[in-house]
Amino acid sequence: MAILPILKAPDPRLTKVSRPVEQFDRTLAELAQNMLETMYAANGIGLAAPQVDVQQRMVVMDLHGEDEPPNPQILVNPEVLDASAETVTMSEGCLSVPEAYEEVERPARVTVRYQDLDGVTHTRECTGLEAVCWQHEIDHLDGVLFVDHLTRLTRDRIIQRLVKEKRLARRGRDRTIRPAA
Ligand code: NI
């Protein structure tokens, strides 16, 4: 198992549409385990493969409550079959958009079809946090971040901050590799 680096916005790799998974093999199972480990290490509740620079349609999630045992979920090739007209607004964050939390309005109920690691197809209806999280993760597979659902102004403000932070981090790195006199 390994903790994988998580891509941070803005990054063109986060805007790509991922390919469907076709091989249900050991490599896929290992990727799923590494994604779960990476998600837990980052204190996240969901992670999509493109966030770890793998452009394949797979997401992992764990929405267990504080006093409940872990409940890892692995969804391969998930798709929203049906979404309610009724919406819900929740504060969202993303491991690829550090320290930004904003309210996003989405359908309150969705029916999702996905495959498990053996390629078996499942269909589930979900609501609440689960519905929001599934939609957020499936968005990643289509190159969409939660900030893309916000007003242009709010989105630009968040992205500008991340650009600035990346620039500062790069400078910091340059400084450390320069030999000191
Ligand atoms: Ni995310």
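That block above? That's the structure.
Quick caveat, the model's predicted, so the values are computed rather than measured.

The rules behind these values
- Residues numbered from 1 in each chain as written.
- Predicted model: local features only at pLDDT ≥ 70, side-chain atom pairs only at ≥ 80, totals over all residues.
- Heavy atoms only, no water.
- Donors = N, O, S within 2.8 Å, 3.2 Å for Na, K, Ca; no water.
- Helix = DSSP H or I, 4+ residues; strand = E, 2+ residues; numbered from the N terminus.
- Buried < 20%, exposed > 50% of the residue type's maximum accessible area, 1.4 Å probe, protein only.
- Contact = heavy atoms within 4.5 Å.
- 1 Å grid on protein atoms, 1.4 Å probe; cavity = no way out; pocket = protein on both sides within 12 Å on 5 of 7 lines; lining within 4 Å.
- Points joined across faces, edges and corners; volume = space filled by probe spheres on them.
- Nonpolar A, V, L, I, M, F, W, Y, C, P; charged D, E, K, R; others polar.
- Core = buried A, V, L, I, M, F, W, Y, C linked by side-chain atoms within 4.5 Å.
- Expected span 1.5 Å × (residues − 1).

Undergrad: Could you give me a rundown of the coordination of the nickel ion, with the residues and numbers involved?
TA: Listed as protein donors to the nickel ion are Cys94 (SG), His136 (NE2) and His140 (NE2); their distances from the metal cover 2.1 to 2.3 Å. In primary sequence terms, the donor set of the nickel ion follows C-x41-H-x3-H. Residue His136 and its partner His140 are both found in helix α2 (residues 128-141); the two are separated by 4 residues, about one turn of the helix. Note on accessibility: His136 and His140 belong to one class, buried.

Undergrad: Any details on the side chain of Glu130? Residues and values, ideally.
TA: Secondary-structure assignment places Glu130 in helix α2. Apart from residues lying up to four places away in sequence, Glu130 is in contact with Leu63, Gln73 and Arg124.

Undergrad: Requested: an account of the layout of surface pockets, with residues and values cited.
TA: A volume near 420 Å³ is recorded for the largest pocket. Lining of the largest pocket is provided by 23 residues; of these, Ile45, Glu92, Gly93, Cys94 and Tyr101 occupy positions nearest its centre. Taken together, the elements giving at least two residues each to the lining of the largest pocket come down to β4 (87-94), β5 (97-107) and α2. Element by element, the count of residues in the lining of the largest pocket is highest for α2, at 6 residues. Residues that form the lining of the largest pocket fall into these classes: 12 nonpolar, 8 polar and 3 charged.

Undergrad: So what's going on with the nonpolar core? Residues and values would help.
TA: Soluble globular proteins: nonpolar side chains tend toward being buried together. Ranked by size, the top nonpolar core spans 15 residues in total, and within it Met35, Leu47, Met58, Val60, Ile74 and Val76 carry the most contacts. Among the secondary structure elements, those contributing two or more residues to this core are α1 (26-41), β2 (58-61) and β3 (73-83). Among the elements that make up this core, the one with the highest residue count is α1 (6 residues). Those residues in contact with Val76 that sit more than four places away from it in its chain are Val21, Phe24, Leu28, Arg57, Met58, Tyr114, Gln115, Asp116 and Leu117. One finds Cys94, Val97, Phe146 and Val147 within the second-largest nonpolar core, a separate group that totals 14 residues.

Undergrad: An account of α2 is needed here, citing residue identities and associated values.
TA: For α2, which comprises 14 residues, the first-to-last C-alpha distance of 21 Å matches the rise-based estimate of 20 Å (1.5 Å per residue) to within 8%. Of all 14 residues in α2, 12 are buried; the element is thus mostly enclosed. Those residues of α2 that fall on the buried side of the exposure criterion are Glu130, Ala131, Val132, Cys133, Trp134, Gln135, His136, Glu137, Ile138, Asp139, His140 and Leu141. Phi turns positive, to about 75 degrees, at Gly143, one or two residues after α2.

Undergrad: Could you give an account of the environment of Leu150, naming the residues involved and the relevant values?
TA: Here Leu150 shows up in the loop between α2 and α3 (152-177). Through-space distance from the C-alpha of Leu150 to that of Arg124 is 27 Å; in sequence the pair is 26 residues apart.

Undergrad: Account for the side chain of Glu92, naming residues and giving values.
TA: Position of Glu92 relative to the elements: it lies in strand β4. Owing to a relative accessible area of 4%, Glu92 belongs among the buried residues under this scheme. Leave out the neighbours within four places in its chain, and Glu92 touches Ala100, Tyr101, Glu102, Val104, Arg106, Val132, His136 and Phe146.

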